[in-house]
Each structure stands twice: as C-alpha cells, then as structure tokens.
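Structural overview for review
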Amino acid sequence: METKLVSLDRENIDMTVMEEAAELLRAGELVAFPTETVYGLGGDGLDAAAAQRIYAAKGRPSDNPLIVHIADTDAFSVLAREVPEEAYLLAKRFWPGPLTMILKKSGRVPAATTGGLETVAIRMPSDEIALSLIRTSGIFIAAPSANASGRPSPTKAEHVYEDLQGKIPMILDGGAVTIGLESTIVDLSGEVPLILRPGYITPEMLREILPNVAYDPAILKKTADPTLVAKAPGMKYRHYAPKGNLRIYEGSLDAVVAKIREEAAKKVAEGYSVAILASEETKGYYPEFVVRSVGTRAQEETVAANLFDTLREFDHMGARFIFGECFSREGIGHAIMNRLLKAAGYQMETV
Ligand code: AMP
Ligand code: MG
C-alpha cells in the first residue's frame, strides 16, 4: 500500500485533506496524526477490525491496549460504564491536554481496543489537527503512538513514515509535536487513583483534584518485573529503545561526565561506534566524542521535546554504544527518566 504523507497547517486546516482522512477512518482504515504529546496511529475505537489493523501495522502485541481519543466529554457515557465525579473534574481542569483516564468500559468498546481489559483509556488531545480529525470523522479514535512497536515514539511525521510506510494509507503531517512524551495515564477504575505512566501532568498537579493519587508500584521499580504489570500491560514490553546499547549514569554531574568519558573511551578503543547523550550544559565536556545535546537542564521541557528524536538519530548514525546522562526527577524530569530508563532496558549505574 502506498502511504500518503500530507502537510497540514494547524492555523488553517485544509478541510479537503481532513475529509479524506475522516473518510478513511469511517471506512475502517488507519490514519496517523499529530497530537501535542506524540503522533498517534488512529482507527475506529468501536471497530474491532480497525483495532486489529493498528496492532498489525505497529507489530504490537494485541494485549497492549489503545487509548481512545475524544473531542467532547459526552463520549464518557458511550465509552464508560461508570464515570466518577473526579473524571469530570479532571476533564474540566486538564482537557483538552496530555492526560489519559482509565475508566470501566461500556459494552460498546470492543475487547480488541482494550487489549481484553474491562477498562478503557480515554483522552481529549489539544492539538487542533487531532481535534478536527475526531470531529470531522465523528469517530472515537483509538490511537497508540504511531511508531513500530518497541521503537522510540514518533514526535515528527518523518518518524511515522520511517516506521509505517507501506503499512498505512495516510499520515497527516503537522510538524514537530510540542510536548514530545506520551500522556500521563491515571487509572480511576479502582479504589485509589493510580498513575500508570508519568507524563507532562505531574502528581502534584493531579493532587488538586485527586488528593490521594499515587504512582502504581510498577513504575517506581527499577527493573521490568512481569509480576507487577497486570494493570498496564504496556509496562512489560521493551520500549522506546534505540538499536545501540544505551546506558545511563546517575550522580553528581561532574562524576557522571567523568564516568561517561571513561566508558566511551574504552568502547572507542575497542573499535565500536560510540555516541553520548548530553545536555546543553555538558555537551562541551566531550570534545573528542560524537555527542548530542538533548536539551537544556534549565528547562527540561526541551529535553522531553527532543528525547525520542535524539534516540532515533543515534540509530541513523549507527551508534553501537550510547552513554547517557541522567536528568532530574522533578516535574517532567520524572517522565523523562521513566522513558530514558525503559529505552536503556533499565541499565543505569550510580557513580
Ligand atoms: P501508547 O500511548 O502507544 O504507549 O499506548 C497506549 C498506552 O496506554 C499503553 O501503554 C497501554 O498500556 C495504556 N493503556 C491503554 N488502555 C489501558 C487500560 N485500559 N488500562 C491500562 N493501561 C492502558
Ligand atoms: Mg507507544
């Protein structure tokens, strides 16, 4: 199948293109589109066959559920069986935006969309192209990230094309996304609200409405423990990984730089292709190595925005070993470290 890559201007959306994309979705086909977090691979969330197509295109295990994207909270009553008061309060405060809520699913949502779970993940994105696609198609759009399973999530349309060309009919190109990390996922289906995936919306922000919100124990663990993953099947799969072997170093910045220089020199001496993931503040400390700054520590939103693109760049340069600095665990730093550790297969050393 030929994949059509079409640019759209967010400020002035070409409705002919939008209608074409909407028609594909209504026909059960897939369309990749930008959201403020990462690009999504969309299909009809109420159509089991469309969900199967999503899994097939991504090469994703079919027990790893999809997020259903909506443009109006009226959708709650169609998609969910029980809607707690908190869901409306969170929607009012954070939607449209990078927060996904897990609720008990209604009978309308096929098991294929939820990976066989009795719960459904719902989000209202803020990106104008995403909202227009949902409204124009009149469809609840099931969409996981539009990358091949296991690869870094796509933050540009080129990333989607790289992974899915020939497998889907259309990609809407809205340029680079603004946030760059996937949505925060909060599970409201149990007794205590739990964060299943850290993102731009932090626990501190959620506490205004969910005073007792806590991280799911599985995301605080340093290793992937298959016994802790029943709730969020996505947690058990290798994720975001570059092709090279990525290792992260944690500690004072001086010690981290010294250790990375030492390890990188060893691998270069052994003849390997080596790259270093650093920051604006530290990139100058590795003059003899191949180094990429992922953003500035003074504003870690820049690190979030560039992280996945930088991981893909290491693939393009054929880096065999990648040595990475750690980031803060404050605010968005927690989400950055969560993705970085997964990408590293939890290879982290404290120095
Ligand atoms: P992605 O954004 O591509 O990582 O895919 C959607 C993510 O949402 C996956 O990591 C899923 O595990 C998670 N998710 C979707 N639905 C549910 C659900 N019902 N319960 C828990 N996690 C979910
Ligand atoms: Mg994903």
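What counts and what doesn't
Residues numbered from 1 in each chain as written. Chains lettered and ligands numbered in written order. Predicted model: local features only at pLDDT ≥ 70, side-chain atom pairs only at ≥ 80, totals over all residues. Heavy atoms only, no water. Helix = DSSP H or I, 4+ residues; strand = E, 2+ residues; numbered from the N terminus. Rg over C-alpha atoms; globule rule 2.2 N^0.38 Å. Buried < 20%, exposed > 50% of the residue type's maximum accessible area, 1.4 Å probe, protein only. Areas by Shrake-Rupley, 256 points an atom, 1.4 Å probe, with all protein chains shown as cover. Lys, Arg positive; Asp, Glu negative; His and termini not counted. Charge placed at Lys NZ, Arg CZ, Asp CG, Glu CD. Pairing = 2+ DSSP bridges. Axes fitted to C-alpha atoms, helices over the stretch in contact; angles between N-to-C directions. Contact = heavy atoms within 4.5 Å. Arc of directions from axis to C-beta. Polar contact = N/O pair within 3.5 Å; in protein donor to acceptor, adjacent residues only side chain to side chain. Parallel < 35°, antiparallel > 145°, perpendicular 65-115°, else oblique. Left-handed = near helix turned anticlockwise from the far one by under 90°. Nonpolar A, V, L, I, M, F, W, Y, C, P; charged D, E, K, R; others polar.

**A short note on the overall build of the protein**
- When its secondary structure is counted, the protein shows eleven helices and 17 strands.
- Against the 2.2 N^0.38 benchmark of 20 Å for 351 residues, the protein shows a C-alpha radius of gyration of 20 Å, consistent with a compact globule.
- Here the C-alpha coordinates of the protein stretch approximately 60 × 50 × 35 Å along the principal axes.
- Buried positions account for 57% of the 351 residues belonging to the protein.
- As displayed, the protein has an accessible area near 14,100 Å², and 50% of this comes from carbon and sulfur atoms.
- Put simply, the protein has 38 plus and 47 minus side-chain charges, and the middle of one group is 5 Å from the middle of the other.

**Some remarks on the sheet that holds strand β16 (residues 321-325)**
- Sheet architecture is open: five strands sit in the order β15-β14-β16-β13-β17, paired in parallel fashion. Every other strand in the sheet has two partners, leaving β15 (291-293) and β17 (348-350) as the edge strands with one partner each. The sheet shows a mean angle of 20° between the axes of neighbouring strands, direction not considered.
- Sheet analysis places strand β13 (residues 245-250) next to β17, joined by three bridges and oriented parallel. When the bridges of β17 are listed, E250 appears paired with T350.
- Along the sheet face, helix α9 (residues 253-269) touches β13, β14 (274-278), β16 and β17 and points at about 175° away from the line of β16.
- Helix α10 (residues 301-316) contacts β13, β14, β15 and β16 of the sheet and is inclined by roughly 170° relative to β14.

**What about the environment of V290?**
- With respect to the helices, strands and loops of the structure, V290 is situated in the loop between β14 and β15.
- Considered as a pair, V290 and M317 are 27 residues apart in the sequence and their alpha carbons are 9.7 Å apart.

**Thoughts on helix α6 (residues 157-164)**
- Burial in α6 covers these residues: A157, H159, V160, D163 and L164. Along the axis of α6, the buried positions cluster into a sector of 155°, meaning they face one direction only.
- Residues of α6 that are buried sit in contact with β1 (4-7), β2 (31-33), β3 (40-44), α2 (48-58), β9 (170-173) and α10.
- In the stretch just after α6, G166 is the one whose phi turns positive, near 85°.

**Section: unusual backbone geometry**
- In this model, W95 is joined to P96 through a cis peptide bond whose omega is -10°.
- As for its position among the elements, P96 is in the loop between α4 (85-94) and β6 (99-105).

**Things to note about the side chain of T113**
- Within the secondary structure, T113 is located in the loop between β6 and β7 (119-123).
- Polar contacts involving the side chain of T113 include one to the main-chain carbonyl oxygen of G45, which spans 2.8 Å.
- Among residues more than four places away in sequence, those in contact with T113 are G45, A51, Y55, P65, L66, V68 and A142.

**Comments concerning the packing of helix α1 (residues 15-26) against helix α5 (residues 128-137)**
- Where α1 meets α5, the axes come as close as 9 Å, and the angle between the chain directions of the two elements is 60°. One finds that α1 runs oblique with respect to α5. Regarding α1 and α5, the two cross each other, and that crossing is right-handed. Residue-level contacts link M15, M18, E19, A21, A22, L25 and R26 of α1 to I129, S132, L133, T136 and S137 of α5.
- Its residues assigned to classes, the contact of α1 with α5 comprises seven nonpolar, three polar and two charged.

**Some details on the pairing of β14**
- The element β14 is largely enclosed, with a buried count of five among its five residues.
- Side chains V274, I276 and A278 of β14 all project onto a buried face; the interleaved residues A275 and L277 project onto the opposite face, where all are buried too.
- Two strands pair when backbone bridges link them, and β14 and β16 are joined in this way by four bridges, in the parallel orientation. The residue bridging A275 from the neighbouring strand is I322, located in β16.

Function cannot be read off these values alone, since they describe shape.
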